[in-house]
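These are the residues of each chain, in order.
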Amino acid sequence: MAGDRPDGDAAPTEAADAVPAEAADADSGKAAFVAALRVRRNAKVGLAAGLALALAAFVLFVALPGSRRSPALYVGLGFVLAMSTAGLVAFLLTLGRAVRLSRRL
């Protein structure tokens with residue numbers, strides 16, 4: 001059978017930490033490494049978390065209290081907050097995935 005090893009034992013399957021299908025289809029090298037670490041998914045999750053935090057901070061500290069300054073000044077600060085949070089969350093998720101994969105080796 002295709003899933004059997006040469007010695008006759010079936011190959012073990014671990015669904016929780018299995019390498020995603022996109023990693024199996026990717027070429028060897030950088031593409032497989034990025035796919036195995038799920039960098040694209042982590043970047044999307046990080047961006048969503050960053051935008052949510054920036055929007056919440058803008059509403060709580062600018063919109064609700066009624067700031068006398070132009071909200072345009074705070075949009076720039078919100079952008080920096082969103083991007084820095086997105087990068088941090090994506091980094092932490094990718095680091096966690098790398099640690100889990102390295103423990104399997």
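Not measured: the values here are computed from a predicted model. (Residues numbered from 1 in each chain as written. Predicted model: local features only at pLDDT ≥ 70, side-chain atom pairs only at ≥ 80, totals over all residues. Heavy atoms only, no water.)

For the protein chain, the count of helices and strands is 4 helices and 0 strands. For the protein chain, the sequential pattern of α-helices and β-strands runs α-α-α-α. Sorting the 105 residues of the protein chain into buried and exposed places 17% on the buried side. Considering only contacts within the protein chain whose residues lie at least 6 apart along the sequence, 66% involve residues at least 24 apart. On the protein chain, roughly 7900 Å² of surface is accessible, and the fraction owed to carbon and sulfur atoms is 67%. (Helix = DSSP H or I, 4+ residues; strand = E, 2+ residues; numbered from the N terminus. Buried < 20%, exposed > 50% of the residue type's maximum accessible area, 1.4 Å probe, protein only. Contact = heavy atoms within 4.5 Å. Areas by Shrake-Rupley, 256 points an atom, 1.4 Å probe, with all protein chains shown as cover.)

What follows deals with unusual backbone geometry. A positive phi is found at R38, a non-glycine position, where the angle reads about 55 degrees. You can call R38 partly exposed: its relative accessible area is 23%.

A few words on the packing of helix α3 (residues 39-63) against helix α4 (residues 71-104). The geometry of α3 relative to α4 is characterised by a closest axis approach of 7 Å and an angle of 145 degrees between their N-to-C directions. Viewed along their axes, α3 and α4 form a crossing whose handedness is right-handed. Its residues assigned to classes, the contact of α3 with α4 comprises 21 nonpolar, 6 polar and no charged. (Axes fitted to C-alpha atoms, helices over the stretch in contact; angles between N-to-C directions. Left-handed = near helix turned anticlockwise from the far one by under 90°. Nonpolar A, V, L, I, M, F, W, Y, C, P; charged D, E, K, R; others polar.)

This part covers α3. Taking 1.5 Å as the rise per residue, α3 with 25 residues should run 36 Å; its terminal C-alpha atoms sit 34 Å apart, in good agreement. Tucked inside the fold, the buried residues of α3 contact α4. (Expected span 1.5 Å × (residues − 1).)

Within the secondary structure layout, T94 lies in helix α4. Excluding residues that lie within four positions of it along the chain, T94 makes contacts with L37, V39 and N42.

A cluster of nonpolar side chains, L47, L51, F79, V80 and M83, forms an exposed patch at the surface whose accessible area comes to about 460 Å². No other element matches α4, which puts 3 residues into the nonpolar patch. Overall, F79 belongs to the exposed group, its relative accessible area being 53%. (Patch = residues over 30% accessible without salt bridge, like charges linked within 9 Å, V, L, I, M, F, W, Y side chains within 5 Å. Salt bridge = Lys/Arg side-chain N within 4 Å of Asp/Glu carboxyl O.)

With that settled, consider α4. Between the first and last C-alpha of α4 there are 49 Å, a value that for 34 residues agrees with the 50 Å anticipated at 1.5 Å per step. All of the buried residues in α4 are G78, A82, T85, A86, A90, T94, R97 and L101. Close packing links the buried residues of α4 with α2 (30-36) and α3.

Moving on, we come to the environment of F33. Here F33 lies in helix α2. In the structure, F33 is positioned 65 residues away from A98 in sequence and 9.9 Å away in space, judged by C-alpha atoms.

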